[in-house]
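Letter by letter, the chains look like this.
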Amino acid sequence: MPVRVAVNGFGTIGKRVADAVSKQPDMVLVGVAKTRPSFEARIASEREYPLFVGGEGRVEDFRAAGIAVEGTTDELFRRADVIVDATPDTVGREQVPKYDAAHLRAIFQGGEKPDVAEVSFSALANYEAARGKNRVRVVSCNTTGIVRAASVLRARYGIEQWDATLIRRAADPAETRKGPVNAILPNFQFPSHHAPDAQTIFPDLAITTTAVVVPTTLMHIHVNHVRLRKPPASTADVIAAFQETPRFQIFRSWERVEGTPQVIEYARDHSSPRGDMMANVLWENGIHLDGAELHFFQAIHQESIVVPENIDAIRAMFHLAPDAASSVAVTDMALGLRK
Ligand code: NAD
């Protein structure tokens, strides 16, 4: 029997997770919830996703717009084994009593505080920790990027100290009310929240993060300096380690990917849905080794990087795969991410 998955909140993350669930061989999408009629509600309806009204939304508003809805989230929750909560930051926590009342397992996103769930999750790092759990939190886009790279480096070389500067996008492309439009904004919190968030997965990871926000919507870029315990043989050795790991895309210098615009153009040329890039993006010529000191850039597509992680979290919670590698392989095959 496939696991019955519902998605609450059909915005940037929710609509991508819904599409991803509908492509998995061992899951079925039983519905999505939106609060108001919108173009996204129309898309859900065109894709024949059963649509339900969430939050303070009203069934009659959808019907007035000519969008068929099957009821409210009370009905949706009855049809599901697990809910993927993709409501805005902090709204997920408010949903917990409803999920509990419906005896639903739940996945939360990185905008919620870690204690909303039993475990924070990233598939390459701690798949086993989510096995059989009722509540799992998929860490944020930036933390997912850090933790994936940490999974590669700590297993092979050990990490003495990691310092990262996160150059963060100001808004997602559809968020017209956010900025800045013409500023570089330092985050005066030291460390930024990303380091402690990464430590929810790797408590022993010595990491500090700082962040600035810049006027772009395309991706984040991390500037990483990592002191390794066991120096790699060469830069090529490090490149090979990333290359052989799922969910890493390494561009060669001759590919002329100068920055985030070409990364997104590459994803579009690949006909990736919505121009998404679910892998951590590294550049061969953006990885530099100096003894045990590793310097590298990575770009993180904020809108999509957590999507495969949500799928693996479901598989771990419901014992659908024997191990992380098997789950990641099934997810990535279904999403067209296999290398
Ligand atoms: P979003 O604003 O794009 O989408 C949220 C959706 O939830 C909207 O459609 C909104 O109408 C709906 N909604 C609001 N209240 C609701 C309720 N009570 N019931 C049902 N639906 C409701 O937000 P998003 O960017 O998709 O973020 C969702 C979560 O994912 C947040 O925790 C966020 O921190 C996290 N996240 C976002 C990104 C990103 O870059 N966008 C990346 C990683 C993680």
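Predicted, not measured: the structure shown is a model, and the values here were computed from it.

Participant: Describe in detail the side chain of Lys-34, supporting the description with residues and values.
Facilitator: Here Lys-34 lies in strand E2 (residues 27-34). For Lys-34, a relative accessible area of 11% puts it in the buried group. Dropping the residues within four chain positions of it, Lys-34 is found in contact with Phe-10, Glu-40, Ala-41, Leu-51, Phe-52, Val-53, Gly-54 and Phe-62.

Participant: For the packing of helix H1 (residues 12-22) against helix H11 (residues 307-317), give the residues involved together with the corresponding values.
Facilitator: At a closest axis distance of 9 Å, the pairing of H1 and H11 adopts a crossing angle of 55°. Taken together, the axes of H1 and H11 are oblique relative to one another. For the crossing formed where H1 meets H11, the hand is right-handed. Contacts between H1 and H11 involve Arg-16, Val-17, Ala-20 and Val-21 from the former and Val-307, Asn-310, Ile-311 and Ile-314 from the latter. Residues belonging to the contact of H1 with H11 are distributed by class as follows: 6 nonpolar, 1 polar and 1 charged.

Participant: Lay out the packing of H11 against helix H12 (residues 324-334) in plain terms, naming residues and giving numbers.
Facilitator: As a packed pair, H11 and H12 sit with axes 10 Å apart at the nearest point and diverge in direction by 130°. On the basis of their axis angle, the class for H11 and H12 is oblique. The two elements H11 and H12 meet at a crossing, and its hand is right-handed. The segment H11 lies against H12, with Pro-308, Ile-311, Asp-312 and Arg-315 engaging Ser-327, Val-328, Val-330, Thr-331 and Asp-332. By residue class, the composition of the contact of H11 with H12 is 4 nonpolar, 2 polar and 3 charged.

Participant: An account of the site of the ligand is needed here, citing residue identities and associated values.
Facilitator: Residues in contact with the ligand amount to 21 residues; listed here are only the nearest, Ile-13, Lys-34, Asp-89, Arg-169 and Asp-172. For the ligand, an oxygen atom lies 3.3 Å from a polar atom in the side chain of Thr-35. Within the contact set of the ligand, an oxygen atom lies 2.9 Å away from a side-chain nitrogen or oxygen of Arg-169. Isolated, the ligand exposes 830 Å² of accessible area, and the fraction of that covered by the protein chains is 83%. Put simply, the parts of the chain that give the shell around the ligand at least two residues each are H1 and helix H5 (91-101).

Calculation notes
- Residues numbered from 1 in each chain as written.
- Predicted model: local features only at pLDDT ≥ 70, side-chain atom pairs only at ≥ 80, totals over all residues.
- Heavy atoms only, no water.
- Helix = DSSP H or I, 4+ residues; strand = E, 2+ residues; numbered from the N terminus.
- Buried < 20%, exposed > 50% of the residue type's maximum accessible area, 1.4 Å probe, protein only.
- Contact = heavy atoms within 4.5 Å.
- Axes fitted to C-alpha atoms, helices over the stretch in contact; angles between N-to-C directions.
- Parallel < 35°, antiparallel > 145°, perpendicular 65-115°, else oblique.
- Left-handed = near helix turned anticlockwise from the far one by under 90°.
- Nonpolar A, V, L, I, M, F, W, Y, C, P; charged D, E, K, R; others polar.
- Near = heavy atom within 4 Å.
- Polar contact = N/O pair within 3.5 Å; in protein donor to acceptor, adjacent residues only side chain to side chain.
- Areas by Shrake-Rupley, 256 points an atom, 1.4 Å probe, with all protein chains shown as cover.

Without other data, these values stay purely geometric and don't point to any function.
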